[in-house]
Amino acid sequence: MKHFQKNNNHTRAMKQTVLLFAICLLLIHNVLFAAAKKTDKPVFHAESIFPVQAQHVHSSSIVELPNGDMLSCWFQGSGERHANDVQIKGARLKKGASEWSTPFTLADTPDHPDCNPTLFMDRQNRLHLVWIVVVGNSWEASVLKTKISSNYQNEGAPAWDKQDIILPNPGEIFAEVVEKKLNEIDVPDRAWAEYAPPYEKQISEAAKDPRKRELGWMTRIQPLILPSGKILLPLYSDGYNVSLLAISEDDGNTWKASEPIVGRGNIQPALLQKTDGTIVAYMRDSGDAPGRVFKSTSKDEGYSWEPALKIDIPNPGSSLAAITLTCGHWVMVYNNTEKGRHRLAVSLSDDEGKSWKWTNYLENETPEKGGFSYPNVIQTKDGLIHVSYSSHRQGDNTIKHVSFNEAWIKETPQDMSNAEKLGFPKGKKVLLLHCDDAGMCEEANKAIQEYANKGFIHSAAVMMPCPQAKEMVEWAKKNPKADIGVHLTLTSEWETYRWAPLTDPKQVPGLIDPEGKFWHEVPGVVMHASSQEVETEIRAQIDKMLALGHTPSHIDTHMGTLYGSIDYVKVFLETAEAYNIPANAIDLSNPEVAEHYKKAGYPITNEVVEILNAYKLPKLDNFTSVPSGKTYEQKRNNFFELVKSLGPGLTEIIFHPSVETENLKTITNSWQQRVWEAEMFSDPVVLEFFKNNGILFTDWGDIMKRFNSKKK
């Protein structure tokens with residue numbers, strides 16, 4: 001008996017030791033896990049909630065449950081409002097699990113489509129599901145339904161305590177506000193024919209109908225819950241093309257309607273609250289071109305709103321989502337295109353939406369490869385950001401779930417220069433010395449060819465409409481080391497020596513001045529030429545070089561014309577991607593670079609920054625030109641000072657070398673600067689300067705070789 005007791009004591013001691021060891025391991029794991037969550041290193045994870053399938057799936061929502069589980073929902077069926085088999089489906093991701101559960105049904109109204117679900121938790125930790133039942137297969141006749149559950153942490157669908165309908169009654173003030181706010185909006189070019197009733201009149205008349213204004217209000221984004229517990233549920237109407245809020249002060253048991261958020265096509269609000277209490281609504285553009293995000297604000301907790309106006313964030317008529325992080329930063333998830341849903345961006349603001357300094361991409365495809373849209377975004381207790389969204393790829397449909405941290409959003413472009421992305425050493429200045437205006441005249445061609453033959457500089461671009469363009473292209477074909485591209489030309493700046501478009505004038509009348517040539521200056525082009533005309537001509541110039549038997553290594557823009565308007569920038573970069581030929585695209589995510597170009601008069605807006613962020617080919621960190629000087633020595637010293645002032649990264653520096661002739665002097669009054677530039681980069685003093693300052697060099701051929709190797 002004593003022997004048994006002794007062994008038993010020994011066993012108990014061993015068990016206590018093992019238990020203590022396990023507790024220590026658990027504590028270590030928790031410490032390491034917490035440290036990982038707080039890391040500044042980028043974190044990103046993505047998966048499909050269920051395997052791709054042929055049925056239509058769309059408009060997801062996601063919520064974190066109190067025990068750390070995730071619950072997601074979406075609508076699924078053979079279509080949308082015209083398909084009566086559409087149901088609200090859901091799936092559960094257990095805390096710590098890597099796979100979502102098999103989908104289950106959350107709501108199904110017999111013989112009616114159920115669409116646009118949203119999930120959220122109230123301050124009593126009750127789970128809410130709000131969605132629409134489409135009546136008569138018409139969005140404008142939809143009815144809001146809601147379910148509430150206190151028992152939702154088991155497997156499968158929650159057990160619902162309550163089901164009800166929500167009928168917002170905006171009252172007669174709805175019509176008054178709609179008419180008043182529409183009249184306050186300044187629309188210089190109304191998109192209606194002379195014989196058609198004005199848009200504003202139609203909407204204002206419909207707003208007086210009590211049956212219309214109580215039906216058709218639809219959900220899309222989860223509510224904003226104020227510190228007081230007040231719930232602001234965003235709603236919108238396709239019938240009125242405006243939005244409003246359903247507001248609850250009793251955790252969703254009863255609701256009342258706000259005044260409408262009125263604009264010309266602002267729907268599907270995403271709500272945030274500023275530190276001063278102002279509520280901000282960002283909304284989808286379902287109105288006139290151009291496609292832009294709408295914005296409105298409320299000073300009284302969402303009851304009344306300023307007119308909704310477009311801001312400079314692009315929107316293709318697709319829902320967006322936005323939240324305030326626990327640190328106070330704002331996150332927006334959206335399609336940053338004017339047409340198509342092939343790009344899904346995440347942007348971060350550290351100044352409550354004044355600027356969106358960082359952008360990364362959940363999806364960044366070409367239009368034909370699919371659509372990614374209707375995001376829903378939340379932040380979980382561990383600090384991670386979660387997004388669910390629709391993924392449609394040529395008949396393969398699913399809902400995707402991604403999680404990431406702020407560091408992932410900031411991963412590019414702030415932390416790494418474009419030179420580093422191409423494999424150049426960190427902190428180095430990498431220069432692309434580039435000869436402009438090849439093909440303009442014989443003097444330019446001779447100077448550029450001499451540089452290339454001596455091995456100093458290989459990169460140049462040809463002005464294809466100019467007299468000596470063919471001669472330069474023929475030379476390039478015989479000199480494969482030469483890095484020769486197309487200097488896309490839309491201006492003809494000299495007084496007597498001029499050129500015209502390659503395209504038939506009937507196709508590009510806006511590009512032609514009264515003399516039958518290109519306009520002298522960039523403003524003339526911007527004021528007269530459409531983006532379609534610009535695209536037609538720049539494609540013709542690229543195609544001419546291809547037809548002559550030389551594939552351009554790059555394309556750039558004469559006199560910066562293709563940065564003269566937002567629409568031109570789009571055409572420029574889209575053309576580069578279509579031909580897979582890199583453009584001299586400048587990375588404007590660096591605020592200092594963007595500010596430099598703003599001061600130079602270029603239309604640098606958030607939209608332009610986003611367009612450049614989304615551009616898929618290599619980008620420059622900076623772009624500049626060789627400065628002038630009163631003497632050669634002064635010009636050379638000015639160039640040295642320019643290079644010293646540059647930050648690390650990839651900078652293209654353009655210059656215009658030409659050999660001196662009497663003919664050159666009749667063409668341009670800048671002939672002396674051009675002649676000096678034909679000498680400068682074979683000057684031993686300049687070459688010694690490069691060597692002493694550790695400058696690295698590249699050209700477009702090298703850039704694309706590095707870029708393509710990084711993609712493999």
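Residues numbered from 1 in each chain as written. Predicted model: local features only at pLDDT ≥ 70, side-chain atom pairs only at ≥ 80, totals over all residues. Heavy atoms only, no water.

**A look at the overall build of the chain**
- Summing up its helical and strand segments, the chain has 18 helices and 32 strands in all.
- Oriented by its inertia axes, the alpha-carbon framework of the chain measures out at about 105 × 95 × 45 Å.
- Buried positions account for 55% of the 712 residues belonging to the chain.
- Averaged over its 77 positive side-chain charges, the chain has a centre that lies 7 Å from the centre of its 90 negative ones. (Helix = DSSP H or I, 4+ residues; strand = E, 2+ residues; numbered from the N terminus. Buried < 20%, exposed > 50% of the residue type's maximum accessible area, 1.4 Å probe, protein only. Lys, Arg positive; Asp, Glu negative; His and termini not counted. Charge placed at Lys NZ, Arg CZ, Asp CG, Glu CD.)

**Topic: the packing of helix α11 (residues 566-579) against helix α13 (residues 606-614)**
- Taken N-terminus to C-terminus, the directions of α11 and α13 make an angle of 0°; their axes are 10 Å apart at the nearest point. Relative to α13, α11 is oriented roughly parallel. In this structure, α11 contributes I566, V569, K570, L573 and E577 to the contact, and α13 contributes E607, V608, I611, L612 and A614.
- Looking at the contact of α11 with α13 residue by residue, the classes come out as 7 nonpolar, no polar and 3 charged. (Axes fitted to C-alpha atoms, helices over the stretch in contact; angles between N-to-C directions. Parallel < 35°, antiparallel > 145°, perpendicular 65-115°, else oblique. Contact = heavy atoms within 4.5 Å. Nonpolar A, V, L, I, M, F, W, Y, C, P; charged D, E, K, R; others polar.)

**Examining the packing of aromatic side chains**
- Counted under the stated rule, the structure contains 22 aromatic pairs.
- R706 extends its terminal NZ or CZ atom over the ring of F424, reaching a point 3.7 Å from the ring centre. (Phe/Tyr/Trp six-rings, centres within 6.5 Å; stacked < 30°, edge-to-face > 60°. Lys NZ or Arg CZ within 6 Å of the ring centre and 35° of its normal.)

**Examining the sheet that holds strand β18 (residues 309-314)**
- The strand order β15-β16-β17-β18 describes an open sheet built from 4 strands, whose pairing is antiparallel. For this open sheet the edge positions go to β15 (266-273) and β18, each flanked by a neighbour on one side alone. Along the sheet, successive strands turn relative to each other by an average axial angle of 35°, direction set aside. (Pairing = 2+ DSSP bridges.)

**Points about the environment of K400**
- Among the structural elements, K400 can be located in strand β25 (residues 396-404).
- The exposure class of K400 is buried, given its relative accessible area of 19%.
- In the structure, K400 is positioned 11 residues away from Y389 in sequence and 5.5 Å away in space, judged by C-alpha atoms.
- In this structure, K400 is in contact with E47, S48, E363, V387, S388, Y389 and S391, ignoring residues within four places of it in sequence.
- Side chain to side chain, K400 and E363 meet in a polar contact 3.1 Å long. (Polar contact = N/O pair within 3.5 Å; in protein donor to acceptor, adjacent residues only side chain to side chain.)

**Thoughts on the pattern of salt bridges**
- Taken as a whole and assessed by the stated rule, the structure comprises 39 salt bridges.
- Here K381 ties to E64 by a salt bridge, and the two come within 3.4 Å at their closest N and O atoms. With a gap of 317 residues between them, K381 in the loop between β23 (371-379) and β24 (385-393) and E64 in strand β2 (residues 56-64) connect regions that are remote in the sequence.
- With its nearest N and O atoms 3.1 Å apart, the salt bridge here joins E535 to R539. Pair noted here: E535 and R539 are both in helix α10 (residues 531-547), with a separation of 4 residues, about one helical turn.
- With a relative accessible area of 28%, E535 lands in the partly exposed category.
- Among the residues examined, R539 registers a relative accessible area of 29% and is labelled partly exposed.
- What emerges from the salt-bridge pattern is a single network uniting R292, E338, D567, K570 and E607. (Salt bridge = Lys/Arg side-chain N within 4 Å of Asp/Glu carboxyl O.)

**Some points on the nonpolar core**
- Formed by 96 residues in total, the largest nonpolar core has its most connected members in L588, F639 and F681.
- Residue contributions to this core peak at 7 residues, all from α11.
- In this structure, F639 is in contact with V626, P627, I653, M680, F681, V686 and F690, ignoring residues within four places of it in sequence.
- Counting residues in hydrophobic clusters, the runner-up holds 49 residues, among them Y152, I166, A175 and A206. (Core = buried A, V, L, I, M, F, W, Y, C linked by side-chain atoms within 4.5 Å.)

**Structural notes on empty space enclosed by the protein**
- What the rule picks out here adds up to 1 cavity of 30 Å³ or more.
- Looking at the lining of the largest cavity residue by residue, the class counts come to 3 nonpolar, 1 polar and 1 charged. (1 Å grid on protein atoms, 1.4 Å probe; cavity = no way out; pocket = protein on both sides within 12 Å on 5 of 7 lines; lining within 4 Å. Points joined across faces, edges and corners; volume = space filled by probe spheres on them.)

**Examining a nonpolar patch on the surface**
- A cluster of nonpolar residues, I165, L167 and L215, forms a patch on the protein surface that exposes about 250 Å² of accessible area.
- Here L167 is to be found in the loop between β9 (162-166) and α2 (173-184).
- The class of L167 is partly exposed, set by a relative accessible area of 47%. (Patch = residues over 30% accessible without salt bridge, like charges linked within 9 Å, V, L, I, M, F, W, Y side chains within 5 Å. Areas by Shrake-Rupley, 256 points an atom, 1.4 Å probe, with all protein chains shown as cover.)

**Quick notes on the sheet that holds strand β3 (residues 70-77)**
- Taken in spatial order, the 4 strands line up as β2-β3-β4-β5 in an open sheet, and their pairing is antiparallel. Every other strand in the sheet has two partners, leaving β2 and β5 (104-107) as the edge strands with one partner each. Averaged over all neighbouring strand pairs, the angle between strand axes comes to 35°, with direction disregarded.
- Of the pairings in the sheet, the one linking β3 to strand β4 (residues 87-93) comprises 7 bridges and is antiparallel in character.

**A few points about the packing of helix α14 (residues 632-645) against helix α17 (residues 684-692)**
- Running from N to C, α14 and α17 cross one another at 15°; their axes reach a closest spacing of 11 Å. Taken as axis vectors, α14 and α17 run roughly parallel relative to one another. In this structure, the crossing between α14 and α17 has a hand that is right-handed. Listed contacts from α17 to R636, F639, F640, V643 and K644 of α14 are V685, V686, F689 and F690.
- In terms of residue class, the contact of α14 with α17 is built from 7 nonpolar, no polar and 2 charged. (Left-handed = near helix turned anticlockwise from the far one by under 90°.)

**Examining the environment of P42**
- Within the element layout of this structure, P42 appears in the loop between α1 (2-37) and β1 (44-48).
- P42 gets classed as partly exposed once you look at its relative accessible area, which sits at 41%.
- It is 36 Å that separates the C-alpha atoms of P42 and S625, two residues lying 583 residues apart in sequence.
- Contact partners of P42, with chain neighbours within four places excluded, come to N405, A407, W408 and E411.

**Digging into α10**
- For α10, with 17 residues, the first-to-last C-alpha span of 24 Å sits near the 24 Å given by 1.5 Å per residue.
- All of the buried residues in α10 are E533, V534, E537, I538, Q541, I542 and M545. Mapping the buried residues of α10 onto a view down its axis gives an arc of 165°, with all of them on the same face. Along α10, exposed side chains directed more than 90 degrees from the buried face belong to Q532 and A547.
- Of the residues trailing α10, G549 is marked for its positive phi of about 100°. (Expected span 1.5 Å × (residues − 1). Arc of directions from axis to C-beta.)

**Here's the deal with the pairing of strand β17 (residues 292-298)**
- Most of β17 is tucked away, with 5 of its 7 residues classed as buried.
- Strand direction decides the pairing type here: strand β16 (residues 279-285) and β17, joined by 5 bridges, are antiparallel. Considered in β17, the bridge of Y282 is made with K295.
- From the end of β16 to the start of β17, which pair antiparallel, there are 6 residues.
- Pairing between β17 and β18: 3 bridges, direction antiparallel. What sits directly across from F294, in β18, is K310.

**Quick notes on the side chain of S237**
- Locating S237 in the fold gives a position in strand β12 (residues 231-237).
- Judged by relative accessible area, which is 2%, S237 ranks as buried.
- A distance of 3.1 Å separates a polar atom in the side chain of S237 from the backbone nitrogen of G239.
- A polar side-chain atom of S237 sits 3.0 Å from the main-chain amide nitrogen of Y240.

**Focus on the confidence of the model for the chain**
- Per-residue confidence for the chain gives a mean pLDDT of 90; residues scoring 70 or more make up 92%.
- Across residues 1-11, where pLDDT falls below 50, the model places 0 contacts with residues more than four positions away in sequence or in other chains.
- For residues 17-38, every residue scores under 50 in pLDDT, and the model assigns this stretch 2 contacts once sequence neighbours within four places are set aside. (pLDDT = per-residue confidence, 0-100.)

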